[in-house]
Amino acid sequence: MNIPAPRQTSTYAVISLIAGILGWTLLPFLGSIGAIIFGHLARAEIRRSDGQLDGDGLAVAGLILGWISVALAILSVIAILVFILFFGGLAWFSALHS
């Protein structure tokens, strides 16, 4: 009887998920960047392993957490800039017409 060897989980996939969680808790931007990098590395490693490695779901979860965190950070910076430009423009406009 030939029992197949258990598949190992990609270390990069685990690191990606942990970094993605850290990106939302202790290391806001740095953890998210790490989740994105290690998530892509894990998915490439899993594809190249010919079925020997598992953990694609972990890598995808890390990628999602990382990309959402980065997108929210970019959107918040844009919102702050729009806020400053809008009220700065109002102040300039009111000073111009007084």
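Note that the coordinates shown come from a computational prediction; the quantities given were computed from them, not determined experimentally.

Novice: I'd love a proper account of unusual backbone geometry, names of residues and values included.
Specialist: For aspartate 50, which is not a glycine, the phi torsion comes out positive at approximately 55°. Mapping aspartate 50 onto the fold places it in the loop between helix H2 (28-48) and strand S2 (53-54). Assessed through its relative accessible area of 70%, aspartate 50 is described here as exposed.

Novice: Help me get a handle on the side chain of serine 69, residues and values and all.
Specialist: Within the secondary structure, serine 69 is located in helix H3 (residues 56-96). Of the residues examined, serine 69 reaches a relative accessible area of 12% and is grouped as buried. If sequence neighbours within four positions are ignored, serine 69 has contacts with Gly23, Trp24, Pro28 and Ser32.

Novice: Give a detailed account of the packing of aromatic side chains, specifying residues and quantitative values.
Specialist: By the definition in use, this model includes 3 aromatic pairs. Geometrically, the ring pair formed by tyrosine 12 and phenylalanine 38 is tilted, given 5.7 Å between the ring centres and 45° between the ring planes. Placement of the pair is tyrosine 12 in helix H1 (residues 11-24) and phenylalanine 38 in helix H2, with a sequence separation of 26 residues. One aromatic cluster in this structure is built from Phe83, Phe86 and Phe87.

Novice: Before we move on, can you summarise the side chain of serine 32 with the specific residues and values?
Specialist: Note that serine 32 resides in helix H2. Sequence-distant contacts of serine 32, that is, excluding residues within four places in its chain, are made with Ala19, Gly23, Leu27, Gly66, Ser69 and Val70.

What counts as what
- Residue positions are given per chain, counted from 1 along the sequence in the order it is written.
- A pLDDT threshold of at least 70 governs which residues receive local features in this predicted model, and a stricter bar of 80 or more applies before side-chain atom pairs are shown or counted, although totals over entire chains, interfaces and linings include all residues.
- Heavy atoms from the whole structure form the basis of all side-chain values; hydrogens and water molecules are not counted.
- Numbering goes from the N terminus for both helices and strands, where a helix is a DSSP run of H or I of at least four residues and a strand is a run of E of at least two.
- Only protein chains enter the accessibility calculation, which uses a 1.4 Å probe; a residue whose area is less than 20% of its type maximum is buried, one above 50% is exposed, and one in between is partly exposed.
- Throughout, a contact is declared for two residues whenever any of their heavy atoms are within 4.5 Å.
- Centres within 6.5 Å are what make two rings of Phe, Tyr or Trp a pair, Trp counting through its six-membered ring; a difference in plane orientation under 30 degrees is then read as stacked, over 60 as edge-to-face, and the rest as tilted.

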